[in-house]
Amino acid sequence: MTRRTLAVVSAGLSQPSSTRLLADQLAAAARDELVRRGAEVEINTVDLREHAHDVVNHLLTGFPPAALRAALDTVAGADGLIAVTPIFNASYSGLFKSFFDVVEKEALADRPVLIGATGGTARHSLALEHAVRPMFTYLRAVVLPTAVFAAPEDWAGDGADRALRSRIRRAGIELAEQVDRRPAATGPADPFALTTSFEDLLAGRDPA
Ligand SMILES: Cc1cc2nc3c(=O)[nH]c(=O)nc-3n(C[C@H](O)[C@H](O)[C@H](O)COP(=O)(O)O)c2cc1C
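Residues numbered from 1 in each chain as written. Predicted model: local features only at pLDDT ≥ 70, side-chain atom pairs only at ≥ 80, totals over all residues.

For the protein chain, the name recorded in an unreviewed UniProt entry is FMN reductase, with Micromonospora halotolerans as its organism.

As structure tokens, this is what we get:
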């Protein structure tokens, strides 16, 4: 049985958070489809409100405190990423952007990413397409076709939520498909790993 890891990043600030709720439901949909395909799935969630101060410290000093380092490794080492932000001023929130500003270059290259957002009005759902999707495309991630936006009325439970639930299911299946067709992730790259053997180093040999 292949072991797969999903990293879930939620930038919701409220407690409880609708952004976190959406992130959890997307993760559950992707997990269900991966399990159906025979995988064993581990879900690791990063709640950015817990790392807000550390993200700013990292931006100022260039070094991540230990808890943020672990969160960055979770994201860099996963088979698939679910990234969900509240919409602030018709775009991703500042915390969401700042976190991905400190994710190592190339960490998301070829990584399947499912994007989602919550907002006060469905009129701003396209922020996913004009802000969130281009950011991950710039980071060379594989952004899935279905992006999931949830407005307050989508949680109403009077039937309006049916459309949201089917979108979540579709997005989860898309993420599972992309994860399934790739080899299992080997974890985050070690920036201090030797690129040549000790013997070559001692002998002054350059393998390149
Ligand atoms: C500073 C601020 C700006 C916001 N701007 C927008 C906006 O432009 N469009 C929108 O639909 N909702 C906007 N909202 C509403 C939030 O996106 C919405 O409440 C979100 O679902 C909260 O997520 P949470 O429950 O995870 O904290 C804004 C909220 C705040 C606090």
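1. Notes on unusual backbone geometry
Threshold: Segments assigned H or I by DSSP are reported as helices when at least four residues long, segments assigned E as strands when at least two residues long, and all are numbered from the N terminus.
A cis geometry characterises the amide bond from Gln15 onward to Pro16, with omega recorded as 0 degrees. Mapped onto the fold, Pro16 is located in the loop between strand 1 (3-10) and helix 1 (18-36). Notably, Asn89 is not glycine yet its phi reads approximately 45 degrees, a positive angle. Mapped onto the elements, Asn89 comes out in the loop between strand 3 (80-88) and strand 4 (91-92).

2. Things to note about the packing of helix 1 against helix 6 (residues 161-180)
For clarity, the cut-off: An axis is simply a line fitted to the C-alpha atoms; with a helix, the fit covers only the stretch in contact. Between two such axes, the angle follows the N-to-C directions and lies from 0 to 180 degrees. For classification purposes, angles smaller than 35 degrees are called roughly parallel, those larger than 145 roughly antiparallel, those between 65 and 115 roughly perpendicular, and all remaining angles oblique. Here a crossing is called left-handed whenever its near helix is offset anticlockwise from the far helix by less than a right angle, and right-handed whenever the offset is clockwise. The contact rule is simple: place each C-beta atom from the backbone, and if two of them lie within 7 Å, those residues are in contact.
Contact pair helix 1 / helix 6: the axes reach a minimum separation of 7 Å and the direction vectors enclose 50 degrees. When the axis of helix 1 is compared with that of helix 6, the two are oblique. Note that helix 1 runs across helix 6; the crossing there is right-handed. Listed contacts from helix 6 to Gln25, Leu26, Ala29, Ala30, Asp32, Glu33 and Leu34 of helix 1 are Ile168, Arg169, Ala171, Gly172, Ile173, Leu175, Ala176, Val179 and Asp180.

3. Notes on the site of the ligand
Just so we agree on the cut-off: Any residue whose C-beta atom, as placed from the backbone, lies within 6 Å of a molecule or strand is termed near it. Ten residues, namely Ala, Val, Leu, Ile, Met, Phe, Trp, Tyr, Cys and Pro, are considered nonpolar, four, namely Asp, Glu, Lys and Arg, are considered charged, and the remaining ones, Gly among them, are considered polar.
Taken together, 16 residues sit near the ligand, with Gly12, Ser14, Ser17, Thr19 and Gly119 positioned nearest. Those elements that provide at least two residues to the shell around the ligand are helix 1 and strand 3. For the shell around the ligand, the element with the most residues is strand 3, which contributes three residues. Counted by class, the shell around the ligand contains five nonpolar, eleven polar and no charged residues.

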